[in-house]
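# Per-entry structural report
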Amino acid sequence: MHGFTYGTAVAGLYLLASSLLPRIVHAATCYSTLSKSDFPNCQLLDPRYALHWNVKDGEITFGATVDVDNAWFALGISENGGMRGADITIISAVNGTLRATDCWAETYGPPQIDQQQNVQLDTSKTSRGNGVTTAVWKRPLDTCDAQDQPIVANISQAVIWAIGTSDVVTKHEDHNRGDVRIAFVPDTTAVKPKDPEDLAMVEMYFDNYAVPTNQSTSYTCIHTAFTAPKQKNGGGNTPKKFHVIRYEAVAKNEEVHHMIIYGCNSKPKDFNKTYDCLSMVDCNTFLFGYAPGQGVIEMPPEAGFAIGSAADAFEYFALQIHYTNPQSKPIIDSSGFKIWYTAHLRQYDMGVLFLGNQDIKIPGNTDIVTLPGGECPSNCTKRFPHPITVQGNFFHMHTLGRNMTTRHIRDGRELEPLGVRQYYDFNHQGLTYPINGPRLILPGDSLITTCSYTSLSRPNDTFWGEGTDSEMCYNIIQYYPRVMDVDFCVGEKGGYSSCGNLVELVEVETELAGRNVSEEGRNQGLMDAGLLVKSDIGNFTPYAPNCTPTKDSKQSFNSAGVVALAPRAAGLFALGSLISVMFIVA
């Protein structure tokens, strides 16, 4: 149930509606109620919701044209999609007067009103009537408020939205919410390199797959292999190595929650057969990912992911698709990826490096459990033959995961974190970027990855393991230039850290397990093979963040007469969406 299709590269952008909608009487359009001179940027979040914005003097001004004139609507900035940790602005009317309220959502439940109100409604440009609401509000790019998400330059951020059916709201319908990704402050100076003449495209997709109707959420995978096309007109030997320089996801149904292509460390046993895959053993190297609203993804101009039959390239892959089908619809899906590749190799190969912790024991029935950090010490990174430039973090825990941080230490001083996920969500995984752009890791730097969990749903201890009833703690970073000898630097028991090539590590582990050696013998065997080190991270000066708001916007908030959504309505909040808040003012 898969397909590989080859063709020449073509320009274009695939547009996916984020939800199926009922018949639309009105259709929001960009600049129907707002001017382009005030808002140079606009994107349709939905046929009923046009979002405009302008960035100036440390502030971002939003302008929304929404096809409702008697209901609330909302816009949220999320860590990676979904409600958990989202910074939400809700536009609603109280006694006929429109308001903008700064809220945040710690989890899937009623958003809370932020005690520091950082949004300001421009009442002179806000109106209702004739089936349309226009609202204009502004906020600083960075408020330094822990309950807000900063608007970050040069990064595509997850945006969630919702539309109500009245100003006193309960549950919205499924078609009244969605999520997209938007770069609010794009890099206008970046110059895209010219495509090579031999640029070709391969598609990896499911072929008419019947999405399960007996479960609301499912993870399905299929293995496939990359076979290079033969050279035209007898044009010499077929290259063994190619660089992927671009990819684009094609999601053909709204039930596609996210998709990931993993590289396989060895040849899978089966091809062209779908199977359930909440976790995988042999195909676990994150390469390409998709979340709703994502467009074409470009590799750095100087680097590409190596695919092909060469020893330093990925030849085998697993395509994983996460479906959400709460209404048990009969769906036939052929979603997947388009991948552009070239035999004209760029200067560097992209690489992946596993960071994290495998010494995991989480006591049951506990609200917050923060385990000691898994260390990638300097005596491992000293093996890097050169500095590496980190492009992205892929945080991975299972269903108990709460938050995750990778700390970065150099010469006894902690730098800004390499990556942070304050509100981890198993249903909203994906690549995130270092906050201030690509990050340089030098040989001799140390990295500490710390994971926290919530185990209130389980009475017993939870340990490290592949299944979702076990747990993990990994940050899989994407970087360049690739370091072939080290792609796994993960904390273990007793102050040790794995350090080396994952394939070699698995081979030696398997051989030692076959000899029934003790834990001490296993550690000594791995150290003798150069695959285990004793951590050498000593004392260091902790990182001290210093945040200055890009614009002063603090407002006091008088909570008198304001009622949050009643606790009984908490169950009305759906995964990945914003639902409702009720405002009543006497």
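Residues numbered from 1 in each chain as written. Predicted model: local features only at pLDDT ≥ 70, side-chain atom pairs only at ≥ 80, totals over all residues. Heavy atoms only, no water.

## Quick notes on the overall build of the protein
Looking only at helices and strands, the protein features 3 helices and 41 strands. Taking the contacts inside the protein whose residues are at least 6 apart along the sequence as the reference set, 75% of them involve residues at least 24 apart. Accessible surface, the protein as shown: approximately 25,800 Å² in total, 50% of it carbon and sulfur. (Helix = DSSP H or I, 4+ residues; strand = E, 2+ residues; numbered from the N terminus. Contact = heavy atoms within 4.5 Å. Areas by Shrake-Rupley, 256 points an atom, 1.4 Å probe, with all protein chains shown as cover.)

## Let's talk about the state of the cysteines
Across all of its chains, the model carries 7 disulfides by this definition. Through a disulfide, C376 is tied to C489; the S-S separation comes to 2.1 Å. Measuring handedness by torsion sign, the sulfur bridge of C376 and C489 sits at about 105° and is right-handed. Of this pair, C376 sits in strand β30 (residues 374-376) while C489 sits in strand β39 (residues 488-491), placing them 113 residues apart in sequence. C489 shares its class with C376; the two are buried. Between the sulfur atoms of C380 and its disulfide partner C499 the distance amounts to 2.0 Å. On the sign convention where negative means left-handed, the S-S torsion of about 90° between C380 and C499 marks this disulfide as right-handed. Placement of the pair is C380 in helix α1 (residues 378-381) and C499 in strand β40 (residues 496-500), with a sequence separation of 119 residues. (Disulfide = S-S within 2.5 Å. Buried < 20%, exposed > 50% of the residue type's maximum accessible area, 1.4 Å probe, protein only.)

## Quick word on the sheet that holds strand β8 (residues 112-113)
With respect to topology, 6 strands assemble into an open sheet ordered β8-β7-β6-β5-β12-β13, the strand pairing being antiparallel. For this open sheet the edge positions go to β8 and β13 (177-182), each flanked by a neighbour on one side alone. Examined bridge by bridge, strand β12 (residues 157-163) and β13 share 6 bridges and lie antiparallel to one another. By the bridge assignment for β13, Q157 is matched with I182. (Pairing = 2+ DSSP bridges.)

## Looking at the pattern of salt bridges
Tallied over the full model, the rule gives 20 salt bridges. For the salt bridge of K329 with E255, the shortest nitrogen-to-oxygen distance reads 3.3 Å. Placement of the pair is K329 in the loop between β23 (316-324) and β24 (332-333) and E255 in the loop between β17 (241-250) and β18 (256-264), with a sequence separation of 74 residues. Note on K329: relative accessible area 25%, which makes it partly exposed. (Salt bridge = Lys/Arg side-chain N within 4 Å of Asp/Glu carboxyl O.)

## What to know about the sheet that holds β23
Strand order in the open sheet formed by 5 strands is β19-β16-β23-β18-β20, with antiparallel pairing between adjacent strands. Strand pairing shows two members of the sheet lacking a second neighbour, β19 (275-276) and β20 (283-290), which therefore form its edges. Two strands pair when backbone bridges link them, and strand β16 (residues 217-225) and β23 are joined in this way by 9 bridges, in the antiparallel orientation. Paired with T224 across the strands is F317, a residue of β23.

## Points about the pairing of strand β36 (residues 446-453)
Counting buried residues along β36, 8 of its 8 residues qualify, which places the element largely inside the surrounding structure. Relative to β36, strand β29 (residues 369-370) runs antiparallel, the two being bridged by 2 bridges. Looking across to β36, one finds that T370 is bridged to S452. Sheet topology places β30 next to β36; 3 bridges connect them, and they run antiparallel. Note that in β36 the partner of C376 across the bridge is L447.

## Examining helix α3 (residues 519-528)
For α3, every residue scored as buried is listed here: R522, N523, G525 and L526. Around the axis of α3, the buried residues are gathered within 165° of arc, so they sit on the same side. Facing away from the buried side of α3 by more than 90 degrees, the exposed set consists of E520 and D528. In this structure, the buried side of α3 is in contact with β40, α2 (502-514) and β41 (532-534). Taken from the residues just after α3, G530 is the one with a positive phi, measuring 75°. (Arc of directions from axis to C-beta.)

## Observations concerning the side chain of R139
Note on placement: R139 falls in strand β11 (residues 132-140). A distance of 2.8 Å separates polar atoms of two side chains, one belonging to R139 and the other to D87. Once you skip the residues sitting within four places of it in the chain, R139 turns out to touch E59, I60, F62, D87, N118, V119, Q149, P150 and I151. (Polar contact = N/O pair within 3.5 Å; in protein donor to acceptor, adjacent residues only side chain to side chain.)

## Comments concerning the confidence of the model for the protein
Within the protein, residue pLDDT values average 85, and 86% of them lie at 70 or more. Confidence, expressed as mean pLDDT per element, reaches its minimum in the protein at strand β1 (residues 2-8) with 36 and its maximum at β36 with 98. The low-confidence segment residues 1-25 (pLDDT under 50) makes 71 contacts with residues lying over four places distant or belonging to another chain. Across residues 556-586 the pLDDT falls below 50, and counting only partners more than four positions away or on other chains, this stretch makes 81 contacts in the model. (pLDDT = per-residue confidence, 0-100.)

## Quick look at the packing of aromatic side chains
All chains considered together, the criterion is met by 21 aromatic pairs. With a centroid separation of 5.7 Å and an interplanar angle of 50°, the aromatic rings of Y219 and F426 are classed as tilted. A residue pair is termed long-range when its members are at least 10 positions apart, and Y219 in strand β16 and F426 in the loop between β33 (413-421) and β34 (431-432) qualify at 207 residues. One exposure class covers both Y219 and F426, and it is buried. Here a set of aromatic residues connected by ring pairs shows up, and it is made of W53, F62, W137 and F184. Lying across the ring of W340, R246 places its NZ or CZ 5.9 Å from the centre. (Phe/Tyr/Trp six-rings, centres within 6.5 Å; stacked < 30°, edge-to-face > 60°. Lys NZ or Arg CZ within 6 Å of the ring centre and 35° of its normal.)

## What to know about unusual backbone geometry
In this chain, Y480 is followed by P481 through a cis amide linkage whose omega measures -10°. The backbone of N365 shows a phi angle near 55°, a positive value even though the residue is not glycine. The backbone of D411 sits at a positive phi, close to 50°, despite the residue not being glycine. If you trace the backbone, D411 turns up in the loop between β32 (401-410) and β33. Judged by its relative accessible area of 79%, D411 is exposed.

## Here's the deal with the layout of surface pockets
If you add up the space inside the second largest pocket, you get close to 970 Å³. Forming the boundary of the second largest pocket are 42 residues, of which Q358, W464, E466, Y474 and F488 lie nearest the centre. Ranked by residues supplied to the lining of the second largest pocket, first place goes to α2 with 7 residues. Considered class by class, the residues forming the lining of the second largest pocket number 20 nonpolar, 12 polar and 10 charged. (1 Å grid on protein atoms, 1.4 Å probe; cavity = no way out; pocket = protein on both sides within 12 Å on 5 of 7 lines; lining within 4 Å. Points joined across faces, edges and corners; volume = space filled by probe spheres on them. Nonpolar A, V, L, I, M, F, W, Y, C, P; charged D, E, K, R; others polar.)

## Digging into the environment of I60
Within the fold, I60 resides in strand β4 (residues 59-66). Sequence separation between I60 and V185 is 125 residues, and the spatial gap between their C-alpha atoms is 9.4 Å.

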